[in-house]
Amino acid sequence: MGNLAVGTKLRENYDSYYEGESEWRALGAIDKVKNVQSLCNDVPHSTVLDVGSGEGSILKRLSDLNFGRDLYSVEISRSAVTSILQRDIPRLRECQLFDGYHMPYKDSRFDLAIISHVLEHVEYPRQLLHEAARVARHVFVEVPLEDTIRLKPDFVFDRVGHINFYSWKTIRRLIQTCDLKVLSQTVTNPSRAVYEYYSGGSGIVKYAAKGLLLRASTRVAASLFTYHCSILCTKASE
């Protein structure tokens, strides 16, 4: 497993992908960090590693909310590292470029590793999960639940870069096959502000309808529409 690295196509896609701060990523980070706090407030989180930080919106939000005393980041994209460092995030201690699978830290270096909206982009998700669990005592994972009845049968690569498509069951099972124990799991609807940003008034209607369906039945809702699934886990042996 030592020779694993991000494939050339994916690396080229992301290397110049980020150009400073963007409004939509900052808006999305509000929901993502809310889910981190909801699941992780009761576990140690003084030292936090954000894996695949993009332009740093989650790091910035974590710092603004004083979640984590010391924040760290690893990224495969040179443009992402540049964007993150330019933001001068107060609690960020270090941001490093890495090969996508091997983290430059010793065992149990961090209280918490965050892998938020990353696994859907990763060629070898189990390797990344094993490595995150090596360097951190707890691991938080969030993915979009795109494996719905509306998912097209054939894959076509686009610039967004999603190559894995999960349901609430398959992401849970993936984590468990990495010898990780699920401590908590939740399925959430992105905020009204996110829908309104993308679709205006029709987005508000979609937000309300999806929220009602999710409250009625998580299983039915997640089989029809895309939501976000968050999971907190730790090594099964601990």
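Preceding this section is the structure that the text describes.
Reading the values: rules and limits
Residues numbered from 1 in each chain as written. Predicted model: local features only at pLDDT ≥ 70, side-chain atom pairs only at ≥ 80, totals over all residues. Heavy atoms only, no water. Helix = DSSP H or I, 4+ residues; strand = E, 2+ residues; numbered from the N terminus. Rg over C-alpha atoms; globule rule 2.2 N^0.38 Å. Contact = heavy atoms within 4.5 Å. Areas by Shrake-Rupley, 256 points an atom, 1.4 Å probe, with all protein chains shown as cover. Lys, Arg positive; Asp, Glu negative; His and termini not counted. Charge placed at Lys NZ, Arg CZ, Asp CG, Glu CD. Polar contact = N/O pair within 3.5 Å; in protein donor to acceptor, adjacent residues only side chain to side chain. Phe/Tyr/Trp six-rings, centres within 6.5 Å; stacked < 30°, edge-to-face > 60°. Buried < 20%, exposed > 50% of the residue type's maximum accessible area, 1.4 Å probe, protein only. Lys NZ or Arg CZ within 6 Å of the ring centre and 35° of its normal.

> Quick rundown of the overall build of the chain? Include the residues and the values.
Of the regular secondary structure elements, the chain holds 8 helices and 7 strands. Computed over C-alpha atoms, the radius of gyration of the chain comes to 17 Å, within 12% of the 18 Å expected from 2.2 N^0.38 for 238 residues, which places it in the range of a compact globule. Dimensions of the chain, computed from C-alpha atoms along their principal axes, come out at roughly 45 × 40 × 40 Å. Sequence-distant contacts in the chain: of pairs separated by 6 or more residues, those separated by 24 or more amount to 71%. Carbon and sulfur atoms form 50% of the exposed surface of the chain, whose accessible area is close to 11600 Å². With 30 positive and 28 negative side-chain charges, the chain shows a spacing of 6 Å between the two charge centroids.

> For the side chain of threonine 234, give the residues involved together with the corresponding values.
Among the secondary structure elements, threonine 234 is positioned in strand S7 (residues 228-235). Side-chain polar atoms of threonine 234 contact the backbone oxygen of arginine 137, separated by 2.8 Å. Setting aside anything within four residues of it in sequence, one finds threonine 234 in contact with Arg137, His138, Asp179, Leu180, Lys181 and Leu183.

> Requested: an account of the packing of aromatic side chains, with residues and values cited.
The relation between two aromatic rings is expressed through the spacing of the ring centres and the mutual angle of the planes. Across all of its chains, the model carries 7 aromatic pairs by this definition. Taking the centre distance of 6.1 Å and the plane angle of 80 degrees together, the rings of tyrosine 72 and tyrosine 105 count as edge-to-face. Placement of tyrosine 72 in strand S2 (residues 70-75) and of tyrosine 105 in the loop between strand S3 (92-97) and strand S4 (110-116) is noted, with a sequence separation of 33 residues between them. For the pair tyrosine 72 and tyrosine 105, one class covers both residues: buried. Three or more aromatic residues link up through ring pairs in this structure, and these residues are Tyr72, Tyr105 and Phe110. The aromatic ring of tyrosine 72 is capped on one face by arginine 109, whose charged end is 4.9 Å from the ring centroid. The ring of tyrosine 227 has lysine 210 lying over it, and the distance from NZ or CZ to the ring centre is 4.8 Å.

> Would you mind going over the side chain of serine 73 in detail, with residue names and values included?
Relative to the elements of secondary structure, serine 73 occurs in strand S2. For serine 73, a relative accessible area of 0% translates into the label buried. Residues contacting serine 73, with those up to four places away along its chain left out, are Leu49, Asp50, Ser53, Leu59, Ile84, Leu92, Glu94, Cys95 and Gln96.

> Break down the environment of valine 182 for me, with residues and values.
Here valine 182 is to be found in strand S6 (residues 180-188). According to the relative accessible area criterion, valine 182 is buried, its value standing at 15%. For valine 182 and valine 139, which are 43 residues apart along the polypeptide, the C-alpha to C-alpha distance reads 9.6 Å. Contacts of valine 182, omitting those with residues within four sequence positions, involve Arg172, Ile175, Gln176, Ile231, Leu232 and Cys233.

> Mind laying out helix H5 (residues 125-135), listing which residues take part and the relevant values?
Here H5 lies mainly inside the structure; 8 of its 11 residues are buried. Among all positions of H5, only Pro125, Gln127, Leu128, Leu129, Glu131, Ala132, Ala133 and Val135 are buried. Among the structural elements, strand S1 (47-51), S4, strand S5 (136-144), helix H6 (168-176), S6 and S7 are those in contact with the buried residues of H5.

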